[in-house]
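# Structural characterization, general
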Amino acid sequence: MHLNLANSIIQLLTKSSRKAHSRARSRRAVEAKGMEKAAANALPPLRFLAVLAVTAWTFFLYFHFSVISGTVEVSHGDDDGADRCRGRYIYMHDLPPRFNADIISNCRKTEDHWGDMCGALSNAGLGRPLADRTDGVLKSEAGWYATHQFALDSIFHNRMKQYECLTNHSAVAAAVFVPFYAGFDFVRYHWGYDNAARDAASVDLTKWLMARPEWRRMGGRDHFLVAGRTGWDFRRSNNVNPDWGTDLLVMPAGRNMSVLVLESAMLHGNDYPVPYPTYFHPRSDADVLRWQDRVRGQHRTWLMAFVGAPRPDVPINIRVRDHVIAQCKASSACTMLGCARATGSTQCHTPGNIMRLFQKTTFCLQPPGDTCTRRSAFDSMVAGCIPVFFHPGSAYKQYRWHLPMDDHLRYSVYIPDADVRERNVSIEAVLRAIPPATVERMREEVIRLIPRVLYADPRSKLETVKDAVDVAVEGILDTVARINNGEYVDSGGPVTEDPPNLFASTESRFRPVQSVQADQ
């Protein structure tokens, strides 16, 4: 384009020079010779001016278009010129490798405690592909991997690299992503190190961020990162054990940023919960729709099921799992996949076994374990199994971006843990009291929610279906916008601050009064 412009200018100037020369020839011979000589002498300066003009235009056009093309990495304007990314631009910090790549380069250092984390980090964080289709559970289905429940740091980072509204200019960004692998950092220095070693990377990150101009714009309140563990793992100062985890969320930078975790500590903080990674990572909308059709048509032979191990060492206020296991064992309508807690045990880490059981079951029991939330809840939902919760902190107080807020009984069953522990309420009786038509509606709602609770393959992109990353990014953008408007925003207070009847139980909605009294 620039060469054509230069040639046009030169031709125009040359043409003008020839016309002047022709007019000069009609004059007297002496004057004609003088003009011819003058024109010949003037032509080099004219060419020089033309070159200068072309050079100036070239620099102007280069600067103009480089600024436009450098604003966003991917343009998504409509034909009418509307900017579909307006209000959705995200700037991603190019962190030094010590904050992400270097952390996972030494992944075998964690083998004594978490198994082969190197294998879990393959395939953009999804883990090894599930190639064994002999049991028919995942036969002919794409997108299944042996994904580790704590691999979200890598999965989310790789998904953000594909985000359609990334920008190279932080000034136009609505939010700033910090790809620090806080969850993996927790693992590598957790055992056998002092608190200074555990906090070293977080302290270094705080200094790095607070020195950046992007931080000074809002004091970091428009920044967010992903820490793929529970919020308690990054609040050592709030924990009973003074040697557990890091203090990332109570450091100056950590207090200002929004941090996506697998479970919020629910302390009016800035740790926002997102779903645990499941085994399913679709590459296309068709993969999602095909799987939804499969679980919708699945024949379910069991009323209820439980996958997990006893937790005798959990706090008494959430210790309901032993009661759930006992009731499951005593019921002919319940099936269970018992899980040994011994090192190296794979009973509860074989995706085929887990998904086979969940696909054959109507209701999947999800009592609290070490903490209130469980990965199993999302595995069961992906299988089309209706989750049964016993504590509001297991889902209702946690995943407000990803799960319905208006009526939790649309997609789940709620039996308060105190009812099971103190009143010996029959779980089976509560489930059987739900009308079949209601069960079908609940299952359909669970199937509808499947895309929102899974993470698509980071190496591909869903077209119209929103996955857990899409939903989380929308939540972050809304949070930052509200902060900009002067609102006070946090991730929600403790369960003890809720009104007593905020979370209605399934029993109170469906079971006759006489049935409730008979169980007491």
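Structure report, in brief. All of these numbers come straight from a predicted model, not from anything done at the bench.

Before going further, it helps to examine unusual backbone geometry. Even without being a glycine, histidine 268 presents a positive backbone phi close to 55°. Positionally, histidine 268 belongs in the loop between β5 (258-261) and β6 (271-273). Assessed through its relative accessible area of 37%, histidine 268 is described here as partly exposed. Backbone geometry places asparagine 424, a non-glycine residue, at a positive phi of 55°. Mapping asparagine 424 onto the fold places it in the loop between α15 (417-422) and α16 (427-432).

Because side chains alternate across strand β10 (residues 386-389), one face comprises the buried residues Ile386 and Val388, and the other comprises Pro387 and Phe389, equally buried. Pairing of strand β9 (residues 361-366) with β10 involves four bridges; the strand directions are parallel. The partner of leucine 365 across the bridge, within β10, is valine 388. Note that β10 and strand β11 (residues 413-414) share two bridges and pair parallel. Paired with phenylalanine 389 across the strands is tyrosine 414, a residue of β11.

Here the focus is the sheet that holds β10. The strand order β8-β7-β9-β10-β11 describes an open sheet built from five strands, whose pairing is parallel. Lying at the two open borders of the sheet, with one neighbouring strand each, are β8 (334-338) and β11. Judged from the three bridges that link them, strand β7 (residues 302-308) and β9 form a sheet pairing that is parallel. Bridge pairing in β9 links methionine 304 to phenylalanine 363. Where helix α12 (residues 321-330) meets the sheet, its contacts fall on β7, β8 and β9, and the angle it forms with β8 comes to roughly 125°. Contacts from helix α17 (residues 436-449) reach β9, β10 and β11, with the element oriented near 100° to β10.

In protein chemistry, a disulfide is the covalent bond that joins the sulfur atoms of two cysteines. Tallied over the entire structure, the rule returns three disulfides. Across the disulfide from cysteine 328 sits cysteine 334; the S-S distance is 1.9 Å. Torsion about the S-S bond of the cysteine 328 and cysteine 334 cystine: about -90°, corresponding to left-handed handedness. For the pair cysteine 328 and cysteine 334, one class covers both residues: buried. With its sulfur 2.1 Å from that of its partner, cysteine 364 forms a disulfide with cysteine 385. Looking along the S-S bond of the cysteine 364-cysteine 385 disulfide, the torsion reads about 110°, which is the right-handed sense. With cysteine 364 in strand β9 and cysteine 385 in the loop between α14 (375-382) and β10, this pair connects stretches of sequence that are 21 residues apart. For cysteine 385, a relative accessible area of 0% translates into the label buried.

Viewed as axis vectors pointing N to C, helix α6 (residues 152-160) and helix α18 (residues 468-484) meet at an angle of 80°, and their least axial separation amounts to 11 Å. Between α6 and α18, the angle is such that the two are roughly perpendicular. Two secondary-structure elements touch here, α6 through Phe156, Arg159 and Met160 and α18 through Val469, Asp470, Ala472 and Val473.

Taken together, the buried positions of α12 are occupied by Arg321, Val324, Ile325, Gln327 and Cys328. One side of α12 holds all its buried residues, which, seen down the axis, span an arc of 165°. Of the exposed residues in α12, the ones pointing more than 90 degrees away from its buried face are Lys329 and Ala330. On its buried face, α12 is in contact with β7, β8, β9, α15 and α16.

The contact between helix α11 (residues 285-296) and α17 brings their axes to 10 Å, and the two run at 160°. When the axis of α11 is compared with that of α17, the two are roughly antiparallel. The handedness of the crossing between α11 and α17 is right-handed. In this structure, α11 contributes Gln292, Val295 and Arg296 to the contact, and α17 contributes Glu444, Ile447 and Arg448. Residue classes in the contact of α11 with α17 are distributed as two nonpolar, one polar and three charged.

Further remarks concern the sheet that holds β5. Sheet architecture is open: six strands sit in the order β2-β1-β3-β4-β5-β6, paired in parallel fashion. Every other strand in the sheet has two partners, leaving β2 (166-167) and β6 as the edge strands with one partner each. As judged from the two bridges shared by strand β1 (residues 90-92) and β2, these two strands associate in the parallel manner. Paired with tyrosine 91 across the strands is threonine 167, a residue of β2. Of the strands in this sheet, β1, β2, β3 (175-177), β4 (223-226) and β5 touch α6, which is tilted by about 130° from β4.

Alternating residues of β4 divide into His223 and Leu225 and Phe224 and Val226, and every residue in both groups is buried. In this sheet, β5 lies alongside β4 in parallel orientation, the contact comprising three bridges. Within β5, the residue paired with phenylalanine 224 across the bridge is serine 258.

So, about the nonpolar core. Formed by 95 residues in total, the largest nonpolar core has its most connected members in Ile90, Phe156 and Phe363. At seven residues, the largest contribution of residues to this core is made by α18. Residue-level mapping places this core at the junction of two domains, with at least three residues from each of domain 1 (90-273) and domain 2 (297-453). Beyond its immediate sequence surroundings of up to four residues, isoleucine 90 is in contact with Met160, Tyr163, Cys165, Leu166, Thr167, Ala173, Ala175, Phe177, Phe224, Val473 and Leu477. Leu95, Phe99, Ile103 and Met117 belong to the second largest nonpolar core, which has 29 residues in total.

Conventions used here
- Starting afresh in each chain, residues are numbered from 1 along the sequence in its written order.
- Selection of residues for local features in this predicted model requires a pLDDT of at least 70, selection of side-chain atom pairs for listing and counting requires 80 or more, and totals for whole chains, interfaces and linings are taken over all residues.
- Hydrogen atoms and water are omitted, and side-chain values are computed over all heavy atoms in the structure.
- Helix numbering and strand numbering both begin at the N terminus, where a helix is a DSSP run of H or I of at least 4 residues and a strand a DSSP run of E of at least 2.
- We call a residue buried when its accessible area falls under 20% of the maximum for its residue type, exposed when it is over 50%, and partly exposed in between, using a 1.4 Å probe and counting protein chains only.
- Two strands qualify as a pair provided that DSSP identifies no fewer than 2 bridges between them.
- Contacts: residue pairs with any heavy atoms within 4.5 Å of one another.
- Lines fitted to C-alpha atoms define the axes here, with helix axes fitted over just the stretch in contact, and angles between the N-to-C directions of these axes take values from 0 to 180 degrees.
- Sulfur atoms of two cysteines make up a disulfide when they are within 2.5 Å.
- These descriptions rest on fixed angle ranges, namely under 35 degrees for roughly parallel, over 145 for roughly antiparallel, 65 to 115 for roughly perpendicular, and the rest for oblique.
- Throughout, the arc means that of the directions going from the helix axis to the C-beta atoms.
- By definition, any crossing whose near helix is turned counterclockwise from its far helix by less than a right angle is left-handed, and any crossing with a clockwise turn is right-handed.
- Ten residues, namely Ala, Val, Leu, Ile, Met, Phe, Trp, Tyr, Cys and Pro, are considered nonpolar, four, namely Asp, Glu, Lys and Arg, are considered charged, and the remaining ones, Gly among them, are considered polar.
- Remark: nonpolar core denotes a set of buried residues (Ala, Val, Leu, Ile, Met, Phe, Trp, Tyr, Cys) joined through side-chain atoms within 4.5 Å.
- An automatic or database domain assignment supplies the start and end points of every domain.

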